[in-house]
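# Tertiary structure, described
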Amino acid sequence: MKNSLLVLVFALSASFLMSCATAQVATNLTPDKINAALDEAYNKFKDVKEGKNADYIKELATVDSKIFGIALVTTDGTVYTKGDISSMVSIQSVSKAFVAAQVIEEMGHQAMQDKIGVDATGEVFNSIVAVERMRGKEINALVNPGAIAATSLVAGKDSAAIWKSILMKQSDFAGRQLGLNMPVYISEAGDNLRNQAIAHLLKAYGRMYFDPVQATDIYTKQCAINVSAKDLATMGATLANGGVNPVTKKKVVSPETVMYTLPVMATAGLYDDSGIWYYNSGLPAKSGVGGGIVAVCPGKFGIGVVSPPLDAAGNSVKAQMVIKYVVEKLGVNPFLIQPK
Ligand code: GLN
């Protein structure tokens, strides 16, 4: 009798404490606040004319530069959207963050550090100098050399199996079956000699773990996966939620894998502008030359924005503006600490 009373008191106080915790999260990030932040960001930046589509991959120059979509997915699986979220762009380098997570999940975080590296190069994303300077070492999986090396590390008996595994993992992060943008793939595959050179240089330094030509081809395919802003936001939300997709509830990677993926995104997610980005947003993020950016607010949400015109570093101009605005408006920069 006494015992069951104790259990009851314990259960009641535990549920009280839990409801306090939920209420706190809820008052910080209400649906109204989130919707208002996305609306304001959309209206504020929709007419920005700066930036220009990538054109070194010919097909990307033909993408409608007016596409502008914003999505935010919370760790409880609620999806908020604004603007054009049905148009898709090629994921490009955003895929690198999720292949990095796949490699960490499959091989462990130490292998990522030892076989590729986790240091920002400070160079442009397709820099050969960065590889040459360190003789293939101390790069990272979020710029082309490290990304092709990461692709070459994904488990699979042949090129088809590796590609299938990558596409499946990216799809699990997004919570739906993703597909390939064939014209973008063909356009880049016919013109990716620089990436092939990078893969061969890594091979020469013993830092390429599968056939360099085939690894570059799989990497090129992975970059041509089609995504919407909502796909990107869901992929980010899966990282924000410790590796479980908050919409499908599927476990995609472990919390430890997320713990090792986010710091690389924080230090190298926006190429040679990563420091400027992190300084201004406080959020790990990843950009791609297709015009997408995903950012992760750990424990809270993923946000994905698509707008093709890029700045000189290759990052979407509007996507950066929107995410910074939303982070500030919602007061969710993880380094914004209210003193006790
Ligand atoms: N596929 C592109 C490339 O290798 C990806 C680059 C990017 O998004 N920064 O050049």
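Figured I'd write up the structure that's included with this text. Everything numeric here is computed off the predicted structure, so don't read it as measured data.

## A short note on the pattern of salt bridges
Taken as a whole, this structure holds nine salt bridges when the rule is applied. When the shortest N-O distance is used, the salt bridge between Glu 40 and Lys 329 registers 3.3 Å. Remark: Lys 329 occurs in helix α14 (residues 317-330) and Glu 40 occurs in helix α2 (residues 31-45); sequence separation between them is 289 residues. Take Glu 40: its relative accessible area is 30%, and that puts it in the partly exposed class. When the shortest N-O distance is used, the salt bridge between Asp 55 and Lys 52 registers 3.0 Å.

## Quick word on the site of the ligand
Every one of the 13 residues lining the ligand counts as a neighbour, but Tyr 56, Gln 92, Ser 93, Glu 188 and Tyr 271 are closest to it. Between the ligand and Ser 93 there is a distance of 2.6 Å, counted from an oxygen atom to a side-chain nitrogen or oxygen. Between the ligand and Tyr 271 there is a distance of 2.6 Å, counted from a nitrogen atom to a side-chain nitrogen or oxygen. Relative to its unbound accessible area of 300 Å², the ligand is 99% covered by the protein chains. Tallied by class, the residues present in the shell around the ligand amount to seven nonpolar, five polar and one charged.

## A few points about α2
Between its first and last C-alpha atoms α2 spans 21 Å; for 15 residues at 1.5 Å apiece the expected length is 21 Å, and the two agree. Among the residues of α2, Ile 34, Ala 37, Leu 38, Ala 41, Tyr 42 and Phe 45 are the ones counted as buried. Summarising the axial view, the buried residues of α2 lie within an arc of 125°, below the 170-degree limit, and thus occupy one face. In this structure, α2 carries Asp 32 and Lys 44 as exposed residues pointing more than 90 degrees from its buried face.

## Overview of the pairing of strand β7 (residues 301-306)
The buried fraction of β7 amounts to six of the six residues, a majority that puts the element mostly inside the structure. Burial along β7 is two-sided: Phe 301, Ile 303 and Val 305 and Gly 302, Gly 304 and Val 306, pointing in opposite directions, are all buried. Here six bridges tie strand β1 (residues 69-74) to β7, and the two strands are oriented antiparallel to one another. Each residue of the ladder has a partner; that of Leu 72, found in β7, is Ile 303. The hairpin formed by strand β6 (residues 292-297) and β7 contains three residues between the paired strands, and Gly 299 there has a positive phi angle of roughly 80°.

## Structural notes on the packing of helix α3 (residues 94-107) against helix α10 (residues 212-223)
Here α3 crosses α10 at 120°, and the two axes come no closer than 9 Å. One way to sum up the angle between α3 and α10 is to call them oblique. Classified by chirality, the crossing of α10 by α3 is right-handed. In this structure, α3 contributes Ser 95, Lys 96 and Val 99 to the contact, and α10 contributes Tyr 219, Gln 222 and Cys 223.

## Things to note about the nonpolar core
With 59 residues, the main nonpolar core has Phe 98, Phe 173, Leu 232 and Leu 239 as its most contacted residues. The greatest single-element share of this core, amounting to eight residues, is contributed by α3. Beyond its immediate sequence surroundings of up to four residues, Phe 98 is in contact with Gln 170, Phe 173, Met 235, Gly 236, Leu 239 and Val 294.

## What to know about helix α12 (residues 255-268)
Look at α12: 20 Å from first C-alpha to last across 14 residues, which is about the 20 Å you get at 1.5 Å a residue. The complete set of buried residues in α12 reads Thr 257, Val 258, Thr 261, Leu 262, Val 264, Met 265, Ala 266 and Ala 268.

Calculation notes
- Going along each chain's sequence as written, the residues are numbered from 1 onward.
- Where totals are concerned, whole chains, interfaces and linings use all residues; where local detail is concerned, this predicted model gives features only for residues with pLDDT of at least 70, and gives and counts side-chain atom pairs only at 80 or more.
- The side-chain numbers reported here are obtained from all heavy atoms of the structure, hydrogens and water having been left aside.
- Here a salt bridge means any side-chain nitrogen of Lys or Arg lying within 4 Å of a carboxyl oxygen belonging to Asp or Glu.
- Helical segments are the DSSP runs of H or I of at least four residues, strand segments are the runs of E of at least two, and each set is numbered from the N terminus.
- Residue burial is assigned from relative accessible area. The probe radius is 1.4 Å, only protein chains are included, and a residue is buried under 20% of its type maximum, exposed over 50%, and partly exposed in between.
- Nearness of a residue to a molecule or strand requires only that one of the residue's heavy atoms be within 4 Å of it.
- Polar contacts, as used here, are pairs of N or O atoms within 3.5 Å; protein pairs need one atom able to donate a hydrogen and one able to accept it. Residues neighboring in sequence count only if both atoms are side-chain atoms.
- For accessible areas, the Shrake-Rupley method is used with a probe of radius 1.4 Å. Any residue's cover is judged against the shown protein chains and nothing else.
- Only Asp, Glu, Lys and Arg are considered charged, only Ala, Val, Leu, Ile, Met, Phe, Trp, Tyr, Cys and Pro nonpolar, and every remaining residue, Gly among them, polar.
- One fewer than the residue count of a helix, multiplied by 1.5 Å, yields its expected span.
- Working definition: the arc comes from the directions between the helix axis and the C-beta atoms, pointing outward to the latter.
- Only when DSSP finds a minimum of two bridges between them are two strands counted as paired.
- What counts as an axis is a line fitted to C-alpha atoms, over the stretch in contact for a helix, and the angles between N-to-C directions run from 0 to 180 degrees.
- Orientation labels follow simple angle bins: below 35 degrees gives roughly parallel, above 145 gives roughly antiparallel, 65 to 115 gives roughly perpendicular, and whatever is left gives oblique.
- Left-handed is the label given to a crossing in which the near helix is rotated counterclockwise from the far helix by less than a right angle, and right-handed is the label when the rotation is clockwise.
- We call two residues in contact whenever any of their non-hydrogen atoms come within 4.5 Å of each other.
- Residue types Ala, Val, Leu, Ile, Met, Phe, Trp, Tyr and Cys, when buried and joined through side-chain atoms within 4.5 Å, form a set referred to as a nonpolar core.

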